[in-house]
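Next come the chains, spelled out residue by residue.
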Amino acid sequence: MEKNNSEHLFIKWEDNKMMRIGISGSKSFFGPLHCLDHAYSTAIIKAGFIPIILPLLENLTGIKEMLEGLDGLILSGGYDIWPFFYGENPHKETAYFLPQRDLFELALYKTARQMNIPVFGVCRGLQIVNVAQGGTLIQDIHSQRESPIRHAPADDRIEAYHKIHCEGRLVEILGENAVVNSVHHQAIKDLGKDLRILAKSEDHIIEAVETTDQKVLAVQFHPERTWSGLDMPNLFYYFFGEKR
């Protein structure tokens, strides 16, 4: 793999093939629009890969064909997951869920796993991974956990906000301690099968996990965002790059 720097817009591998990374999209509550924060595609391009935006499919029979030819999959952030998918009724603070998207991304994840496609989950994407692996969620951290950290700041903070302690391969990238942004009010409660924890916040909220085969990495923060005062490594580059 070539060194990732400003001299190369895209990474070309030994077979001269550029990696194609699919990014799950959503649809807007405010009109008939497909939507995805442009920060995802920008981060993927900066990592040296080609971003492929995957629009929400209501007919899930085309999931396998959608994933064919991709070298990786990102499950993006967004709305709350419908609690019925992990066996609970909605909490009073759970809102703005879109079951169609949940079904779409659960199918994307399970099919990508069957096709041996590496998966990176971001924020909601971490929660999708956990639910797909049989885990459950804290539906509202503020009301269901005593915590000195406000994980969902009123200003939807994308700048550095709180510390995390890292383990495993995240230590090699971020060090034992890192500072991350925070834009979520839900989190992992019961850890899914075949997942292991790679990072926690100081109030013991799980901030990163991986599958035991290391083909899936998911984080509760938003690595696609850049923020002032920190030089956060491009986690997409490290994760997808090592899979080649």
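It should be emphasised that the depicted structure is a prediction, and the values quoted were computed from it without experimental measurement.

Cut-off values and rules
For every chain, the first residue of the written sequence is number 1, and numbering continues from 1 along that sequence. Side-chain atom pairs in this predicted model are given and counted only at pLDDT of 80 or more, local residue features only at pLDDT of at least 70, and totals for whole chains, interfaces and linings cover all residues. With hydrogens and water excluded, all non-hydrogen atoms of the structure serve as input to the side-chain values. Only DSSP runs of H or I with at least four residues qualify as helices, and only runs of E with at least two residues qualify as strands; both kinds are numbered from the N terminus onward. Exposure classes here rest on a 1.4 Å probe applied to the protein chains alone. A residue is buried below 20% of its type maximum, exposed above 50%, and partly exposed in between. Note on contacts: a residue pair is in contact if any heavy atoms of the two residues lie within 4.5 Å. Residue burial considers only the protein chains on display, and all accessible areas are found by Shrake-Rupley using a 1.4 Å probe. Put simply, a salt bridge is a Lys or Arg side-chain nitrogen that is within 4 Å of an Asp or Glu carboxyl oxygen. Stacked, edge-to-face and tilted labels apply to pairs of Phe, Tyr and Trp rings (six-membered ring for Trp) whose centres lie within 6.5 Å, assigned for plane angles under 30 degrees, over 60, and everything in between, in that order. We call two N or O atoms a polar contact when they sit within 3.5 Å, provided that within protein one can donate a hydrogen and the other can accept it, with sequence-adjacent residues counted only if both atoms are side-chain atoms. Pairing between strands is defined by DSSP: at least two bridges between them are needed. Angles run from 0 to 180 degrees between N-to-C directions of axes, and those axes are lines fitted to C-alpha atoms, restricted for helices to the stretch in contact. Charged residues are defined here as Lys and Arg on the positive side and Asp and Glu on the negative side; His and the ends of the chain fall outside this count.

Undergrad: Looking at this structure, how should I read the overall build of the protein?
TA: Of the regular secondary structure elements, the protein holds seven helices and 13 strands. Looking at the protein as a whole, 49% of its 244 residues qualify as buried. Considering only residue pairs separated by 6 or more positions, the protein has 69% of its internal contacts joining residues 24 or more positions apart. Carbon and sulfur atoms form 50% of the exposed surface of the protein, whose accessible area is close to 11,700 Å².

Undergrad: Please explain the pattern of salt bridges as it appears in this structure.
TA: Close approach of charged atoms lets side chains of opposite charge pair. All told, the structure shown has eleven salt bridges when counted by the stated rule. A salt bridge links Arg113 to Asp213, with the nearest nitrogen and oxygen atoms 3.1 Å apart. Taken together, the positions of Arg113 in helix H3 (residues 99–114) and Asp213 in the loop between strand S12 (206–211) and strand S13 (216–219) put the pair 100 residues apart, joining distant regions of the chain. Between Glu242 and Arg169 there is a salt bridge, with the nearest N and O atoms lying 2.4 Å from each other.

Undergrad: I keep staring at the packing of aromatic side chains and nothing clicks. Help me out?
TA: Here a ring pair, both rings aromatic, is described through the centre-centre distance and the interplanar angle of the planes. Counted under the stated rule, the structure contains seven aromatic pairs. With a centroid separation of 6.3 Å and an interplanar angle of 90°, the aromatic rings of Phe49 and Phe240 are classed as edge-to-face. Here Phe240 lies in helix H7 (residues 235–242) and Phe49 lies in the loop between helix H1 (38–47) and strand S4 (50–54), a separation of 191 residues in the sequence. You can call Phe240 buried: its relative accessible area is 0%. Centroid distance Phe120 to Phe236: 4.9 Å. Interplanar angle 65°. Geometry classified as edge-to-face. Within this pair, whereas Phe120 is found in strand S6 (residues 119–122), its partner Phe236 is found in helix H7, the two being separated by 116 residues in sequence. You can call Phe120 buried: its relative accessible area is 0%.

Undergrad: Honestly, the environment of Arg124 in this entry has me stumped. Any pointers?
TA: For Arg124, the position within the fold is in helix H4 (residues 124–132). For Arg124, a relative accessible area of 1% gives the class buried. Arg124 has contacts with Ser76, Gly77, Gly78, Tyr79, Asp80, Ile81, Arg101, Asp102 and Glu105, leaving out every residue within four places of it along the chain. Polar contacts involving the side chain of Arg124 include one to the side chain of Glu105, which spans 2.8 Å.

Undergrad: So what exactly am I meant to see when it comes to the sheet that holds strand S8 (residues 162–166) here?
TA: Backbone-to-backbone hydrogen bonds join strands into a sheet, with any given pair of strands oriented parallel or antiparallel. Taking strand neighbours across the sheet as the criterion, the nine strands line up as S4-S1-S5-S6-S13-S12-S11-S8-S9 in an open arrangement whose pairing is mixed. Two strands close off the open sheet at either side, each with one partner strand: S4 and strand S9 (177–180). Within this sheet the neighbouring strands show an average axis-to-axis angle of 25°, counted without direction. Here three bridges tie strand S1 (residues 20–24) to strand S5 (residues 72–75), and the two strands are oriented parallel to one another. Paired with Gly22 across the strands is Leu73, a residue of S5.

Undergrad: Hey, could you run me through unusual backbone geometry in this one?
TA: Leaving glycine aside, a negative phi is the common case for residues, and trans is the common case for peptide bonds. Here Cys123, not a glycine, exhibits a phi torsion of approximately 55°, which is positive. Along the chain, Cys123 falls in the loop between S6 and H4. The class for Cys123 is buried, based on a relative accessible area of 5%. Of note, His204 is a non-glycine position whose phi angle comes to about 70°, a positive value. You can see His204 is positioned in the loop between strand S11 (195–201) and S12.

Undergrad: Quick question: what am I supposed to make of the side chain of Glu224 here?
TA: Structurally, the position occupied by Glu224 is in the loop between S13 and H7. We note that Glu224 is buried and unpaired, the nearest opposite charge coming from Arg225 at a distance of 4.6 Å. Polar contacts involving the side chain of Glu224 include one to the side chain of Tyr40, which spans 3.4 Å. Looking at Glu224, its side chain comes within polar contact range of the side chain of His222, at 2.6 Å. Excluding anything up to four places from it in sequence, Glu224 contacts Ala39, Tyr40, Ala43, Val122 and Phe236.

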